[in-house]
Amino acid sequence: MLRHKLFDIINAIAVAGEQRRLLAETVYDITKYGAKGDGKTDDAMSFIQAFRAGCEGKTPAKIVVPPGKFMMGEVILSGKCDAPPPLIIDIQGTILANPDPSAYSNKMWILLEHIDNVKISGGGTLNGQGANAWKYAGEANRMPVSFTFQSSSNGDISNLNFVDAMGFHSKLIDSINIKLSKMTITAPDESPNTDGIHLSNATNVEIIDSVIGTGDDCISIGTGSKNILVKNLKCGPGHGLAVGSLGKRPDELSVGNITFSSCTLTGTTNGARVKSYHKSPVLTATNIVFEDLTMNNVKNPIIIDQHYFSKTQPEQSSVKISDVHFRRIKGTTISEIAVLLNCSKKVPCSNIELADIDLKPTGEAKTVSSACESAVGIKGSGVLNPPVPKC
């Protein structure tokens, strides 16, 4: 069902593109709106003006950031666009963030909101210049997100490079029918809270053929997200592939129908992970599949952790995790506990499948084992190294 929906999304985008080619296209180059491209002058307003001109036009519009270095502070691109869809944003050059985190009133650098049928590509780079800001980052002081796609539908984002975000590299929020492909996201492994792609209340999302290495989760799937496919992803360094964390805030929504397929993780602290906070609202996380994954020197290859940040909150998590499938996962781990199902005593995990798991120790790890707490209905099949844990 998920793949059928995603196929329909891709078809719809292709049809819109074909219809668009029948009309003349107007190019809106940001340098024609005053962008200096000297890497020092703030060219944000030129980008915004080119975008608004394209949206208000009567012919298909292409907004172009040409080759060069363009420094920009806060950029808010907000629809609705009157131009025939899809709107194209072609980023060829390098966009440099203003390195002062206080310059971003909304904790966002580039925000696209209320824009339907947009195609963003071009091979360019969004450089968050975050190295000097990371020392200020913390739970109470979140750094600006490099790219936020919010309250929009039918988006196709491809062939872009993200470097050194101050905070998260990208977020998809309150959006539907989104495809991301051929993305490259890079930050040092010591950079804090620099998740590659984070989803929140996102529906029908496909993330494929991408490379992500950061100081936090390569992919993090949060509240209200459903019908998600992540495929052919290379992850590392970072914290791995995560559903969650869930249950931090009282208004969060359930998640489900999430698949990670054909991914390779190298040198990450976690592999396939589901995580939730203590003292959470009542939620469900269900129908989650991790399949055909390769682990290279991964610390926690398979982990469900329902005690995330639990030291200050003794009350157990109320997130009900069920129907989680770990299939055909192989490789090496530096941890002796390669499979850890650490679930909530309040609402134990249920229907957990382990099938064809083959994890070998490396480094200081001499053997591999599995451990479990508060899980019921664990099913094992095929090769199982380590064996199914007993709760």
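Conventions adopted
- Residues numbered from 1 in each chain as written.
- Predicted model: local features only at pLDDT ≥ 70, side-chain atom pairs only at ≥ 80, totals over all residues.
- Heavy atoms only, no water.
- Pairing = 2+ DSSP bridges.
- Helix = DSSP H or I, 4+ residues; strand = E, 2+ residues; numbered from the N terminus.
- Axes fitted to C-alpha atoms, helices over the stretch in contact; angles between N-to-C directions.
- Salt bridge = Lys/Arg side-chain N within 4 Å of Asp/Glu carboxyl O.
- Buried < 20%, exposed > 50% of the residue type's maximum accessible area, 1.4 Å probe, protein only.
- Disulfide = S-S within 2.5 Å.
- Core = buried A, V, L, I, M, F, W, Y, C linked by side-chain atoms within 4.5 Å.
- Contact = heavy atoms within 4.5 Å.
- 1 Å grid on protein atoms, 1.4 Å probe; cavity = no way out; pocket = protein on both sides within 12 Å on 5 of 7 lines; lining within 4 Å.
- Points joined across faces, edges and corners; volume = space filled by probe spheres on them.

Participant: Break down the sheet that holds strand 23 (residues 270–277) for me, citing the residues and quoting the values.
Facilitator: Sheet strands line up and pair through hydrogen bonds in the backbone, either parallel or antiparallel. With respect to topology, 11 strands assemble into an open sheet ordered 5-8-11-14-17-19-21-23-25-27-29, the strand pairing being parallel. The sheet is open, and its two borders are formed by strand 5 (75–78) and strand 29 (369–373), each paired with just one other strand. Adjacent strand axes in the sheet meet at a mean angle of 15°, parallel and antiparallel pairs treated alike.

Participant: Which residues make up the pattern of salt bridges, and what are the values?
Facilitator: Tallying each qualifying case throughout the model produces 12 salt bridges. Notably, a salt bridge pairs Lys275 with Asp217, separated by 3.1 Å at the nearest N-O pair. Within this pair, whereas Lys275 is found in strand 23, its partner Asp217 is found in the loop between strand 18 (203–213) and strand 19 (219–221), the two being separated by 58 residues in sequence. A single burial state applies to Lys275 and to Asp217, both of which are buried.

Participant: Account for the state of the cysteines, with residues named and values stated.
Facilitator: Counted under the stated rule, the structure contains 4 disulfides. Linked covalently through their sulfurs, Cys55 and Cys81 form a disulfide whose S-S length is 1.9 Å. Placement of Cys55 in helix 2 (residues 44–56) and of Cys81 in the loop between strand 5 and strand 6 (87–91) is noted, with a sequence separation of 26 residues between them. The same class applies to Cys55 and to Cys81, which are both buried. Each disulfide in the chain links cysteines that, numbered along the sequence, combine into the pattern 1-2, 3-4, 5-6, 7-8.

Participant: Could you give an account of the nonpolar core, with specific residues and numbers?
Facilitator: Membership of the largest hydrophobic core comes to 93 residues, with the highest contact counts inside it found for Phe47, Ile219, Leu241, Phe290 and Phe326. Here this core takes 7 residues from strand 24 (residues 283–298), the largest share from any one element. Setting aside anything within four residues of it in sequence, one finds Leu241 in contact with Cys218, Ile219, Leu233, Cys235, Phe260, Cys263, Leu265, Gly271, Ala272, Arg273 and Phe290.

Participant: Any chance you could break down the pairing of strand 12 (residues 153–158) for me, citing the residues and the numbers?
Facilitator: Summarising burial for strand 12: 5 of the 6 residues are buried, a large majority. Bridge analysis of strand 9 (residues 118–121) against strand 12 gives 3 bridges, and the strand direction is parallel. From the neighbouring strand, Lys119 faces strand 12, where its bridge partner is Asp156. In this structure, strand 12 lies alongside strand 15 (residues 176–181), joined through 5 bridges in parallel fashion. By the bridge assignment for strand 15, Ile157 is matched with Leu180.

Participant: Now, about the layout of surface pockets: what can you tell me, with residues and values included?
Facilitator: Here the largest pocket is characterised by a volume of approximately 870 Å³. Lining the largest pocket we find 39 residues, and of these Arg142, Phe168, His198, Ser245 and Arg249 sit closest to its centre. Residue assignment for the lining of the largest pocket shows that the elements contributing at least two residues are strand 11 (145–150), strand 14 (170–173), strand 17 (197–200), strand 21 (241–246), strand 23 and strand 25 (300–308). Ranked by residues supplied to the lining of the largest pocket, first place goes to strand 23 with 4 residues.

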